[in-house]
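Coordinate inspection notes
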Amino acid sequence: MSRRPEHSAPPEIFYNEDEAKKYSQNSRIIEIQVEMAERALELLALPDDDETRLILDIGCGSGLSGSVLEDADHMWIGVDISKAMLDIAVEREVAGDVILGDMGEGMPFKPGTFDGAISISALQWLCNADKTSHNPHKRLLKFFTTLFSCLTRTARAVFQFYPENSDQIEMVTSQAMKAGFYGGLVVDYPNSTKAKKYYLVLMTGGAAPLPQALGSAEEERRVNYIKKRDACREARGKAPKKSRDWILAKKERRRRQGLETRPDTKYTARKRSGRF
Amino acid sequence: MKLSTYNFLTSMAIKGVKVGYPLKLTINKKEVVETEFNATFVERLLPKLDWSAIYSAAQVVELTDDIPAVQPENIAENEQLMQKLHHLLFEIDVLDGQLECPETGRVFPITDGIPNMLLNEDEV
Ligand SMILES: C[S@@+](CC[C@H](N)C(=O)[O-])C[C@H]1O[C@@H](n2cnc3c(N)ncnc32)[C@H](O)[C@@H]1O
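In short, a report on the structure. (Residues numbered from 1 in each chain as written. Chains lettered and ligands numbered in written order. Predicted model: local features only at pLDDT ≥ 70, side-chain atom pairs only at ≥ 80, totals over all residues. Heavy atoms only, no water.)

So, the overall build of chain A
Rule in force here: Helix numbering and strand numbering both begin at the N terminus, where a helix is a DSSP run of H or I of at least 4 residues and a strand a DSSP run of E of at least 2. Burial here depends on accessible area, computed with a 1.4 Å probe over protein chains only, as a share of the maximum for the residue type. Under 20% is buried, over 50% is exposed, and the range in between is partly exposed. Residues are treated as being in contact if the distance between any of their heavy atoms lies within 4.5 Å. The Shrake-Rupley method, run with a 1.4 Å probe, gives the accessible areas here. Residue values count only the displayed protein chains as cover.
The helix and strand inventory of chain A stands at ten helices and seven strands. A buried classification covers 53% of the 276 residues belonging to chain A. When contacts within chain A are restricted to residue pairs at least 6 apart in sequence, those whose partners lie at least 24 apart make up 66%. Surface accessibility of chain A: about 13900 Å² in total, with carbon and sulfur atoms responsible for 50%.

As C-alpha cells, then:
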C-alpha cells in the first residue's frame, strides 16, 4: 500500500473529524507545519515595513500555517476542502476567516484581493483525479488562473508541497506558467532526505531572480545558515534599530528572499562622520 | 465570516457566470467581536473595497447611519468613519446565513461561520 495520503482517499474524506483532530494536536506535525509556513512567508518577500498585509492561505486546514501569518501581524483568509479541518480552525478561534472550497474549482475572490498567498502541504492533492470528472491538468490551470487574478500585481504565491515525481513537478509548474506566473522551484536542503523541502515560488509582476535555497552546498554551510537564521529571528525582536546587528539581519533576510543586497563589509552600519 | 471577506467573495467560478459580484447576503445569526483598530491597514484596504457591496452589507446589519450610501472622498482623513468601517469590516462575524449569486440565484450557505463555496460537478 502507498504511504501517500492523497492516494488513499479524496482530501475531504481523508481529513475527516478523527484525522483532523489527530493532525491538529500532534506536536511534531505542528512544529513542521509552522516551520514550513515561516519559510514560505519569508519567500513571499513582502516589503520590509512591518505593515499588515492580506494573505491567502490555500489548503489552510485547521490554521497551523495561518498561525504563522497571525504571529507576523498579517490578516489572512483560508480556503480548504475539509469541513472537519475548518471546524477545528474555528474552534481554535484563529484570527483568519476560513472558506469551504475546492482549489480545483478556482479561487472565489475578486481581482486584486491578496498581497500574497501561501500554501503548505496541499498542492500535491491537486495532482490526483478523485472523481471521474476530474482532470488534474485542467483543475491546476483553473486554480492557477483564478489565483493569478485574485492577487495584486506585486504579489507572490509560495507553495510548499510534496511532489511525487518529476512529472508532477513539470505538470504543476507548466500549468502555473500557462496561467501567467513567473518563478520556479526552490529546493531547501536538497542533499538531505529528511530536511529536503520543495517550494514553488510564483510571481505575478514579471520575472525576478529566485531566492536562494537553504543548505544547497555542503552540510557545514547548512549549519551556518541555521545559525544565521536564528540570529535573524533574534534580531527581529531584539537588536536595536539601525545597529550593525539589525542591519546585518535585515540584509540577510533580503538575501534569503532573493532581493538584491550589497555584501556585508566591515563598513556596514559604521557611524558616518558627517563629513565627506 | 467577517464582512471584509464578504467584500472579496464572488461566484465567478460557476460555469457561465460573468461577474458574480456582489453576492446577495442574508444573515440569520451574527456575533460582534471587538478587534484592534489598525488605521493603516483599513487605509490600505480602501482601494480594494467595492462601496456598493460595503453599503449593502451595512444595510443588512442596519448600520446605514454609520456608512454613507456614496463613497465619500478622503475617507482616510476621517478618523470617525475609519473606525466605523473597521467595525463593519472586522467586528461583525456572520455565523449563519447565505450568499446568493446575482446571476444564477445559486445559494451558498454559511454555517458555523464558514461559507460553503463548493460547486456541484455540473456547475464547474
Ligand atoms: C497536510 S494539510 C495542511 C494544512 C495546513 N496548511 C497546515 O499547514 O497545517 C493539507 C490540507 O489541504 C487540503 N486540501 C487538499 N486538497 C484540497 C483541495 N482540492 N482544495 C482545498 N483544500 C485541499 C486538505 O483538506 C488539508 O486540510
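Alright, that's what it looks like, and here's the rest.
Concerning the pairing of strand β1 (residues 54-58) of chain A
Residues and elements named next belong to chain A. What counts here: Note on pairing: two strands pair once DSSP finds at least 2 bridges between them. Orient the strands so they point away from the viewer; a crossover is then right-handed if the path from the first strand over the helix to the second runs clockwise.
Among the five residues of β1, five are classified as buried, and the element is accordingly described as predominantly covered. The pairing of β1 with strand β2 (residues 75-80) spans five bridges and is classified as parallel. Among the inter-strand pairings, Asp57 is bridged to a residue of β2, identified as Gly78. Chirality of the crossover, the property in question, places the unit of β1, helix α5 (residues 64-71) and β2 among those that are right-handed.

What about the packing of helix α7 (residues 136-150) of chain A against helix α8 (residues 166-178) of chain A?
When two helices pack together, their arrangement is given by the angle between the helix axes and by the axis-to-axis distance. Residue and element names in this part refer to chain A. For clarity, the cut-off: Structural elements are reduced to axes, namely lines fitted to C-alpha atoms, with helices fitted over the stretch in contact, and the angle between N-to-C directions of any two is expressed from 0 to 180 degrees. Throughout this description, any angle smaller than 35 degrees is read as roughly parallel, any larger than 145 degrees as roughly antiparallel, any in the 65 to 115 degree range as roughly perpendicular, and the remainder as oblique. What makes a crossing left-handed is the near helix being turned counterclockwise from the far one by less than a right angle; a clockwise turn instead makes it right-handed. In this count, Pro and Cys sit with the nonpolar residues alongside Ala, Val, Leu, Ile, Met, Phe, Trp and Tyr, while Asp, Glu, Lys and Arg are called charged and the others, Gly among them, polar.
With their axes 8 Å apart at the nearest point, α7 and α8 run at an angle of 45° to one another. Between α7 and α8, the crossing angle belongs to the class labelled oblique. Of the two elements, α7 crosses α8, and the hand of that crossing is right-handed. In this structure, α7 contributes Pro136, His137, Leu140, Leu141 and Phe144 to the contact, and α8 contributes Met171, Val172, Gln175, Ala176 and Lys178. Residues belonging to the contact of α7 with α8 are distributed by class as follows: seven nonpolar, two polar and one charged.

With respect to the nonpolar core
Residue and element names in this part refer to chain A. The condition is simple: Definition used in this section: a nonpolar core is a set of buried Ala, Val, Leu, Ile, Met, Phe, Trp, Tyr and Cys residues joined via side-chain atoms within 4.5 Å.
Counting 72 residues, the largest nonpolar core has Phe109, Leu123, Phe144 and Leu147 as its most contacted members. The residues touching Leu123, leaving out its near neighbours within four places in the chain, are Met103, Leu140, Phe143, Phe144, Phe159, Phe161, Val172 and Leu200. Within the second largest apolar cluster, 26 residues are counted, among which are Ala40, Leu43, Leu69 and Ala89.

A look at the interface of chain B and chain A
Selection rule: A 1.4 Å probe defines the accessible area here, and the buried area is the portion of it lost by two parts on being joined, summed over both. The salt bridge definition used is simple: a Lys or Arg side-chain nitrogen within 4 Å of an Asp or Glu carboxyl oxygen. The term polar contact refers here to a pair of N or O atoms within 3.5 Å; inside protein, the definition further demands a hydrogen-donor-capable atom paired with an acceptor-capable atom, and it admits residues adjacent in sequence only when both atoms are side-chain atoms.
Each partner contributes residues to the interface: chain B has 29 residues there, and chain A has 31 residues. Between chain B and chain A, a total of about 2500 Å² is buried, with carbon and sulfur atoms accounting for 58% of that surface. Among the residues of chain B in contact with chain A, Phe8(B), Lys48(B) and Ile114(B) are the three that bury the most area, contributing 24% of the side total. Linking chain B with chain A are four salt bridges, by the criterion used here. A salt bridge links Lys2(B) to Asp97(A), with the shortest nitrogen-to-oxygen separation between them at 3.4 Å. On inspection of chain B and its partner chain A, the count reaches 15 residue pairs in polar contact (both at pLDDT 80 or more).

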